[in-house]
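# Observations on chain architecture
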Amino acid sequence: MRGPLALGIAAGVLVATLLTGAAVGAVPVPLGLLLRPQDPAAAILIQVRLPRVLLGAVTGMSLALAGAAFQGLFRNPMADPSVVGVSAGASLGATLVLTLAGKSPGLVPLASVPAAAFLGGLLAVWTVWRLAAAGGRVPILGLLLAGVAVGSLAMAIVSLLILSDPDRAGEIVFWLVGSLSAASWKKVAVAAPWSAAGLFVLLAHRRQLNAFLLGEETAHLLGVEVEAAKRWIFLAGSGLVAAAVAFTGNIAFVGLVVPHATRLLVGPDHRYLLPVASLLGGAALVAADTLARTLAAPAELPVGVIMSLAGTPVFLYLVRRRLQPATSL
């Protein structure tokens, strides 16, 4: 599909899912209430539904955008934000605060969970970068290996913290699988500019990402400042993931499946791959959250569970489709 057409379709899909997500729920709310804010039912739409669907869109856009960037940087369509350890680092930061808050609620407020998750993600990114650096360069393989090691260590500590505090285990696990239940306009106001900044940085490096598909040596011959480009792409993608996990928990598959599917749709050109993947990522997460709110209403399922249930068969199909030409030879 041509890039401009795919971009328009993706934008339309995102708008449609936003409108549907705002109107649908345990209590259906007509969107026309936006024109009648004095109506008591309008509070559900304005104070609950709209910030929730908007935070879901921003989070999904950030995760898919970061996934597309990492897949291009690592030249691996199976890469996702978890490979650099930032998701695990953010999870560790949040788990530490949740555990400490249970033991010393007056000393460690629960409101500090997003900040701790964000700082944990950034600390993991810094650690991975420092471990991978060698001789003034940061090899891609080094980033992957360091990311896997740091991520594994962080999740091992998370497991120990859960076992050490069974009373908080349910709350910690609910946060780890991801949820939009705590969405607010304040979180949207913080997350949206951060996501926009990440999109700007990555789009500014679209030419470098295209060059990386040919290998680092070829990219250098094409005039790309390889190490500087890797630093900006890595930091921008990691920052997007850290912010997303800080507000919604660790939501899987958005950063893996959506960019991979988008690449099959529009091709590897990052001029279109990045924005289209971002828009479809927002739509995918909003749609999953709408299902999470309605399938077991009035109870609510974690959106991360819905994404995993839906993402796994889609991912397997995409993998099968990718391998089909090779198996038919």
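Residues numbered from 1 in each chain as written. Predicted model: local features only at pLDDT ≥ 70, side-chain atom pairs only at ≥ 80, totals over all residues. Heavy atoms only, no water.

- In the nomenclature of an unreviewed UniProt entry, the protein is known as Cobalamin import system permease BtuC of Caldinitratiruptor microaerophilus.
- Per UniProt, the comment on the protein under Sequence similarities (unreviewed entry) is "Belongs to the binding-protein-dependent transport system permease family. FecCD subfamily."
- Per UniProt, the protein has the following entry under Subcellular location (unreviewed entry): "Cell membrane". (UniProt positions renumbered as here; feature names shortened; annotations may be inferred.)

### Focus on the packing of helix α2 (residues 42-73) against helix α11 (residues 254-266)
- Two elements in contact, α2 and α11, have axes whose closest approach is 8 Å; the angle formed by their N-to-C orientations is 65 degrees. Put simply, α2 runs roughly perpendicular to α11. The element α2 and its partner α11 pack so that their crossing is right-handed. Residues G60, L63, A64, G67, A68, Q71 and G72 of α2 form the contact with α11, whose own contacting residues are V254, G255, L256, V258, P259, H260 and R263.
- Of the residues contributing to the contact of α2 with α11, the split by class is seven nonpolar, six polar and one charged. (Axes fitted to C-alpha atoms, helices over the stretch in contact; angles between N-to-C directions. Helix = DSSP H or I, 4+ residues; strand = E, 2+ residues; numbered from the N terminus. Parallel < 35°, antiparallel > 145°, perpendicular 65-115°, else oblique. Left-handed = near helix turned anticlockwise from the far one by under 90°. Contact = heavy atoms within 4.5 Å. Nonpolar A, V, L, I, M, F, W, Y, C, P; charged D, E, K, R; others polar.)

### A word on the packing of aromatic side chains
- Taken as a whole and judged by the stated rule, the model has four aromatic pairs.
- Taken together, a centroid distance of 5.3 Å and an interplanar angle of 35 degrees make the contact between W129 and F234 tilted. Here W129 is found in helix α4 (residues 113-132), whereas its partner F234 is found in helix α10 (residues 226-248), with 105 residues between them in sequence. Residue W129 shares its accessibility class with F234, and that shared class is buried. (Phe/Tyr/Trp six-rings, centres within 6.5 Å; stacked < 30°, edge-to-face > 60°. Buried < 20%, exposed > 50% of the residue type's maximum accessible area, 1.4 Å probe, protein only.)

### Regarding the environment of G136
- Positionally, G136 belongs in the loop between α4 and α5 (140-164).
- Classification of G136 as exposed rests on a relative accessible area of 76%.
- For the pair formed by G136 and V83, sequence separation is 53 residues and the distance between their alpha carbons is 22 Å.

### Some thoughts on the packing of helix α7 (residues 185-204) against α10
- At a minimum axis separation of 9 Å, α7 and α10 run at an interaxial angle of 160 degrees. When the axes of α7 and α10 are compared, the pair comes out roughly antiparallel. In the packing of α7 onto α10, the handedness of the crossing is left-handed. Here α7 contributes K187, V190, A191, W194, S195, G198, V201 and L202 to the contact with α10, which in turn contributes W232, I233, A236, G239, L240, A243 and F247.
- For the contact of α7 with α10, the residue count by class is eleven nonpolar, three polar and one charged.

### Observations concerning empty space enclosed by the protein
- Evaluated as defined, the whole model comprises one cavity of 30 Å³ or more.
- Approximately 50 Å³ is the volume attributed to the largest cavity.
- Around the largest cavity, the lining residues are L55, V58, T59, S62, A191, W194, S195, A243, A244 and F247.
- Elements with a contribution of two residues or more to the lining of the largest cavity: α2, α7 and α10. (1 Å grid on protein atoms, 1.4 Å probe; cavity = no way out; pocket = protein on both sides within 12 Å on 5 of 7 lines; lining within 4 Å. Points joined across faces, edges and corners; volume = space filled by probe spheres on them.)

### Some remarks on helix α12 (residues 270-294)
- Between the first and last C-alpha of α12 there are 35 Å, a value that for 25 residues agrees with the 36 Å anticipated at 1.5 Å per step.
- Here α12 lies mainly inside the structure; 18 of its 25 residues are buried. (Expected span 1.5 Å × (residues − 1).)

### Re the side chain of E216
- Mapped onto the secondary structure, E216 falls in helix α9 (residues 216-221).
- Setting aside residues up to four positions removed in sequence, E216 forms contacts with R75, R137, I140, V226, E227 and K230.

### Quick look at the pattern of salt bridges
- Counted by the stated rule, this structure contains eight salt bridges.
- A salt bridge links E216 to R137, with the shortest nitrogen-to-oxygen separation between them at 3.4 Å. With E216 in helix α9 and R137 in the loop between α4 and α5, this pair connects stretches of sequence that are 79 residues apart.
- With a relative accessible area of 16%, E216 lands in the buried category.
- You can call R137 partly exposed: its relative accessible area is 40%.
- With a shortest N-O distance of 2.7 Å, D269 and R271 are connected by a salt bridge.
- With a relative accessible area of 46%, R271 lands in the partly exposed category. (Salt bridge = Lys/Arg side-chain N within 4 Å of Asp/Glu carboxyl O.)

### With respect to α11
- With 13 residues, α11 should reach 18 Å at 1.5 Å per residue; the first-to-last C-alpha distance of 18 Å fits that figure.
- Among the 13 residues in α11, ten count as buried, and that is most of the element.
- Considered for burial, the residues of α11 that qualify are V254, G255, L256, V257, V258, P259, H260, T262, R263 and V266.
- Looking one or two places after α11, you find G267, whose phi comes out positive at around 95 degrees.

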